[in-house]
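# Topology and contacts: notes
Now for the letters of each chain:
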Amino acid sequence: MAGPRAPANSVEERAFRDLCAAFARREIAPRWQQADRERLFPREFYQAAARAGLVGVALPAAVGGADLGATEEAILLEEASKANPNLAVALLVQEVAGGLLAEFGQGEQLDLARANIAGDCLLAIAVTEPEAGNDVQNLRTHARRDGADWVLSGMKSFITLGAEADVLVLLAQTEPGAGRRGMRFFAVDRRSAGLRATRIETQVNRPAPTYRIVLDEVRVPGRRMMEAGFGEIMAGFNRERIMVAARWLGHMQTALGWAVEYARTRTAFGRPIGANQSIAFQLAQAHADVEAVRHLTYHAARRWDSGLPLGEVILDVSTAKLLATQAVVRVTQTALHVGGGWGLTEELPAMRYALDALVAPVTVGSWEIQLRAIARQMGLPCD
Ligand SMILES: Cc1cc2nc3c(=O)[nH]c(=O)nc-3n(C[C@H](O)[C@H](O)[C@H](O)COP(=O)(O)OP(=O)(O)OC[C@H]3O[C@@H](n4cnc5c(N)ncnc54)[C@H](O)[C@@H]3O)c2cc1C
């Protein structure tokens, strides 16, 4: 999908990072705390991202995208997540859902991708179901043909921005009994008759809430069925995992930066707590975690952008995703611990950092799913 690549750390790449960092300072930093407290997604944030050219970063120019690659998606997620990983995740969702529409869509589906990039059509990606989390092929939502339309029934769960989005890019079973081969994505209007979204309250992702979506005989025009299904989302999950690793890379840096400053200025027993090796070494270890994740994430992104077949990048992607999601839990726990009793209050950000990180091991393929992918790539007969 990507156009010609700028070399690593080139002027172009640094300029893109500066653009993302300035956007994060301007549009995320002043906005996230209220969004977090109220658990409300600020739609104007998505529109501001579109105006800044930061929606559809890796989508083709033919639909208005920036035609960049996984590396730039990672830079966007890292810089945005430094300000707040939860508003940043809304950008990740747009890249994934918009990518499916742009890559596998036609006609009206491409118009939706264009509208998404222009800031006029917020998207959600709806795959997970109550009985199909990591086990996507077990999904039950089904679509039956009725004249020129499809009629969808079933339930989706944990859909980020499921009630705020204008369109859900939603996976359903179209051929009963055909398993993973009989699945297709549909671009479903969120305001369709028969579609109901109810909030699932979590302690994570609060500014980008998650929803249970009930589909009761929802009628979708045939032209909204996409030529993409299980295989395409599995490949898409790999690109998404690079963005997920970058998201936690950004978050780790913020948590660590805060903890270092706290350890330098908070005194106990007449000296800064960071003068104790036991504290300083935990922070030094966290620095090592950040740097390891940085190298793994951008190594995976550059390998992806070099156009290698998927089978040759899965090992890099799963390794980066696994390490990032493990490290962010360690680093944010360290920050929480350095904060002592005050770290547990809402007067300091340490608890928020740690709570936000708790979703890292779970989504877009859990730790176990990444370990299984790595083991298989190592040639182990791991089922
Ligand atoms: C905040 C949040 C936002 C989300 N946003 C979206 C979204 O926008 N769109 C969407 O479609 N989904 C979304 N999800 C869903 C998310 O991807 C799923 O929660 C995830 O896939 C886990 O599903 P589950 O809870 O059913 O876990 P399960 O699949 O039931 O897993 C439970 C546990 O069992 C382990 N396990 C499962 N299978 C195996 C195995 N074969 N070997 C070893 N261990 C195994 C898992 O690692 C995990 O620890 C979101 C989830 C959350 C929490």
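From a predicted model like this one, the values you see are computed outputs, not experimental measurements.

Right, let's get into the domain arrangement of the protein. Note: interface size is frequently given as the accessible area lost on complex formation between the parts. The assigned domain composition of the protein is domain 1 (11-122), domain 2 (124-224) and domain 3 (230-377). Here domain 1 and domain 3 have C-alpha centroids that lie 21 Å from each other. Contacts between domain 1 and domain 3 engage 25 residues on the former and 23 residues on the latter. Counting each side, the surface lost to burial between domain 1 and domain 3 is near 2000 Å², with a carbon and sulfur contribution of 59%. For the interface between domain 1 and domain 3, the tally reads 4 salt bridges. Note that Asp36 is salt-bridged to Arg352, the shortest N-O span being 3.6 Å. Linking domain 1 with domain 3 are 15 residue pairs in polar contact (both at pLDDT 80 or more), by the criterion used here. Elements supplying a minimum of two residues to the side of domain 1 that touches domain 3: helix 1 (11-28), helix 2 (32-38), helix 4 (70-83) and helix 5 (85-104). Grouping the amino acids of the side of domain 1 that touches domain 3 by side-chain chemistry returns 12 nonpolar, 5 polar and 8 charged.

One can find Glu73 in helix 4. Glu73 has contacts with Val57, Ala58, Glu95, Arg239 and Met243, leaving out every residue within four places of it along the chain.

The next point concerns unusual backbone geometry. With phi around 55°, Arg39 is a residue other than glycine that occupies positive phi space. Along the polypeptide, Arg39 turns up in the loop between helix 2 and helix 3 (43-51).

The next subject is the packing of helix 4 against helix 7 (residues 230-265). Taken N-terminus to C-terminus, the directions of helix 4 and helix 7 make an angle of 30°; their axes are 7 Å apart at the nearest point. Taken together, helix 4 and helix 7 sit at an angle that is classed as roughly parallel. When you trace helix 4 past helix 7, the crossing you get is right-handed. Residues Ala70, Glu73, Ala74, Leu77, Glu78, Ser81 and Lys82 of helix 4 form the contact with helix 7, whose participating residues are Arg239, Ile242, Met243, Ala246, Arg247, Leu249, Gly250, His251, Gln253 and Thr254. Along the lines of polarity and charge, the residues of the contact of helix 4 with helix 7 split into 7 nonpolar, 5 polar and 5 charged.

Taken together, 19 residues form the shell around the ligand, and within it Thr128, Phe158, Thr160, Ser366 and Glu368 come nearest. Ile125 places a main-chain nitrogen or oxygen 2.8 Å from a nitrogen atom of the ligand. Residue assignment for the shell around the ligand shows that the elements contributing at least two residues are strand 1 (123-126), strand 3 (149-160) and helix 12 (367-377). With 3 residues, the single largest contributor to the shell around the ligand is strand 3. Taken together, the residues of the shell around the ligand break down into 9 nonpolar, 8 polar and 2 charged. Structurally, the shell around the ligand is a two-domain feature, drawing no fewer than three residues from each of domain 2 (124-224) and domain 3 (230-377).

Taken as a whole and judged by the stated rule, the model has 29 salt bridges. Overlapping salt bridges, with partners in common, bring together Arg17, Glu78, Glu79, Lys82, Glu291 and Arg294 in one network.

What counts, and where the lines are drawn
Residues numbered from 1 in each chain as written. Predicted model: local features only at pLDDT ≥ 70, side-chain atom pairs only at ≥ 80, totals over all residues. Heavy atoms only, no water. Domains from an automatic or database assignment. Contact = heavy atoms within 4.5 Å. Buried area = accessible area lost by both parts, 1.4 Å probe. Salt bridge = Lys/Arg side-chain N within 4 Å of Asp/Glu carboxyl O. Polar contact = N/O pair within 3.5 Å; in protein donor to acceptor, adjacent residues only side chain to side chain. Helix = DSSP H or I, 4+ residues; strand = E, 2+ residues; numbered from the N terminus. Nonpolar A, V, L, I, M, F, W, Y, C, P; charged D, E, K, R; others polar. Axes fitted to C-alpha atoms, helices over the stretch in contact; angles between N-to-C directions. Parallel < 35°, antiparallel > 145°, perpendicular 65-115°, else oblique. Left-handed = near helix turned anticlockwise from the far one by under 90°. Near = heavy atom within 4 Å.

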